[in-house]
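Residue strings, one per chain:
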Amino acid sequence: LEVSEEDTMPTMEEMRELVVDWAEVILCSGGNTLHALLRWKEVGLDLLMKEAGMKGTVLCGGSAGAGCWFSSLHTDSLRPDNTKNKEHVKSELSKKELSDWDYTQISALGFIDAMCVPHYNATGTNGETRADDAEKMMQENPSTQVIGVDNNAAFVMEGNNAMVVSGDGKATCHIVVTDESTGETMSAPMLTSWKEPIPLNEILDLAAPATAAHLEDLSEHVGTEFGIADDIVHESSPGYPNEKDDSSGAVPKIVAAGNEKGMQLQPIVDKIIELSGSALPKIVHIGTASFDRTDKFLQNTETFREMGCEIRRLEVSEED
């Protein structure tokens, strides 16, 4: 299915057949999350992804493909070279211009009620660490609760229960909240030794058992003027994304990796396979505006293709 141009744009029914009816796993690439969310919303793909998630399709990805499943995410979408033709941009801008950008917080698809910080243990080309910058955002919006995902780790959510899977035995996820009385941020790593998921509200209480607060309405903490999640929650089906669908008994299943490499690390891949309930699940790969390229498709799906999974590619970016 190609959704880049009007003359090749599939109907909503054609996209539904692939995303909702056929796929057992939806794998989203990394890249420019803001552009991806706007494009998905433009063509109605956001609603289909929400519908698929509510029927139990596994939703996964690394970097942008991780953060898109949360209420909001910490992103480098404003980075000058976070485009499909990044080499062209790099050749036109100076080193100083390439490093002159800020992280931002944008709304996303709303399955997990927190702000995701992928690459939590990494530093951007602007010289700022993801972890430190996220804490600055929390000081401006104290009600925000953060789930930081290290490179090579994945935050796994099934219904309202969650756990961490480490792809290398070291990387993990971090819970970060603001102390309401002091205004200071507090964090706690999630233990990779957990064998079973535990309720998300208990995980969010790890950093500050007495003060962790529920996120306010999305409109109160989105850091840009783009609102994505509200429309999905209210337009596609009754109930919020992380609520159980009583009609089918299905719950959302999400594997959010800190980087795209996570989709190649066997412990994380095994968890995706397990959640799908199929030895060789049918996978739809959805690129972002910047990573909707064949090399990224091959990279993200390499392990699954080697296993023998059937994979179909849904292209969403504009033509060059």
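The preceding data block contains the structure.
Residues numbered from 1 in each chain as written. Predicted model: local features only at pLDDT ≥ 70, side-chain atom pairs only at ≥ 80, totals over all residues. Heavy atoms only, no water.

Before we go on, may I ask you to explain the sheet that holds strand β11 (residues 198-199) in this structure?
Hydrogen bonding along the main chain pairs the strands of a sheet, whether they run parallel or antiparallel. The sheet built from eight strands is open, its strands ordered β11-β8-β7-β12-β2-β1-β13-β14 with mixed pairing. Every interior strand has two partners, whereas the edge strands, β11 and β14 (311-314), have only one. Pairing of strand β2 (residues 58-62) with strand β12 (residues 253-257), which is carried by five bridges, proceeds in the parallel orientation. Bridge pairing in β12 links G62 to A257. (Pairing = 2+ DSSP bridges. Helix = DSSP H or I, 4+ residues; strand = E, 2+ residues; numbered from the N terminus.)

Quick question: what am I supposed to make of the pairing of strand β7 (residues 153-158) here?
Two faces make up the sheet, and in a regular strand the side chains alternate between them. Counting buried residues along β7, five of its six residues qualify, which places the element largely inside the surrounding structure. Pairing of β7 with strand β8 (residues 161-166) involves six bridges; the strand directions are antiparallel. Bridging across to β8, V156 finds its partner in M163. Hairpin connection from β7 to β8: two residues lie between these consecutive antiparallel strands, with G159 at a positive phi of about 65 degrees. Direction of pairing for β7 relative to β12: antiparallel, over a ladder of five bridges. (Buried < 20%, exposed > 50% of the residue type's maximum accessible area, 1.4 Å probe, protein only.)

What should I look at first to understand the nonpolar core in this one?
The nonpolar side chains of a soluble globular protein tend to be buried, and buried together. In this structure, W40, W69, I147 and F155 are the most contacted members of the largest nonpolar core, which totals 51 residues. Leave out the neighbours within four places in its chain, and W69 touches I26, C28, M49, L59, C60, G61, L109, G110, F111, I112 and I254. Core analysis: the second largest hydrophobic core is formed by 21 residues, L27, A257, L275 and F297 among them. (Core = buried A, V, L, I, M, F, W, Y, C linked by side-chain atoms within 4.5 Å. Contact = heavy atoms within 4.5 Å.)

It is not clear to me how unusual backbone geometry should be interpreted in this structure. Could you clarify?
A negative phi holds for most residues other than glycine; trans holds for most peptide bonds. Backbone geometry places S63, a non-glycine residue, at a positive phi of 65 degrees. In this structure, S63 sits in the loop between β2 and α4 (64-67). We note that N152 has phi near 75 degrees; this positive angle belongs to a residue other than glycine. Assignment of secondary structure puts N152 in the loop between β6 (146-149) and β7. Judged by its relative accessible area of 14%, N152 is buried.

Explain the pattern of salt bridges here, please?
Two side chains that carry opposite charge are able to pair once their charged atoms sit near each other. Following the criterion strictly, the structure yields seven salt bridges and no others. R16 serves as the salt-bridge partner of E51, at 2.4 Å between the closest nitrogen and oxygen. Of this pair, E51 sits in helix α3 (residues 45-54) while R16 sits in helix α1 (residues 12-22); the two residues are 35 residues apart in sequence, bridging distant segments of the chain. Between R130 and D76 there is a salt bridge, with its nearest N and O atoms 3.6 Å apart. Here the residue R130 occupies a position in helix α7 (residues 130-140), and D76 occupies one in the loop between β3 (70-75) and α5 (86-92), the gap between them amounting to 54 residues. (Salt bridge = Lys/Arg side-chain N within 4 Å of Asp/Glu carboxyl O.)

Which parts of the structure should I look at to understand the pairing of strand β5 (residues 112-118)?
Burial runs high along β5: six of the seven residues are buried. Examined bridge by bridge, β3 and β5 share three bridges and lie parallel to one another. Looking at β5, one finds that S72 is bridged to M115. In the sheet, β5 pairs with β6 via four bridges, with the strands oriented parallel. Note on β6: the bridge partner recorded for C116 is I147. Regarding topology, α7 serves as the crossover connection from β5 to the parallel β6, and that connection is right-handed. (Right-handed = clockwise from strand over helix to strand, strands pointing away.)

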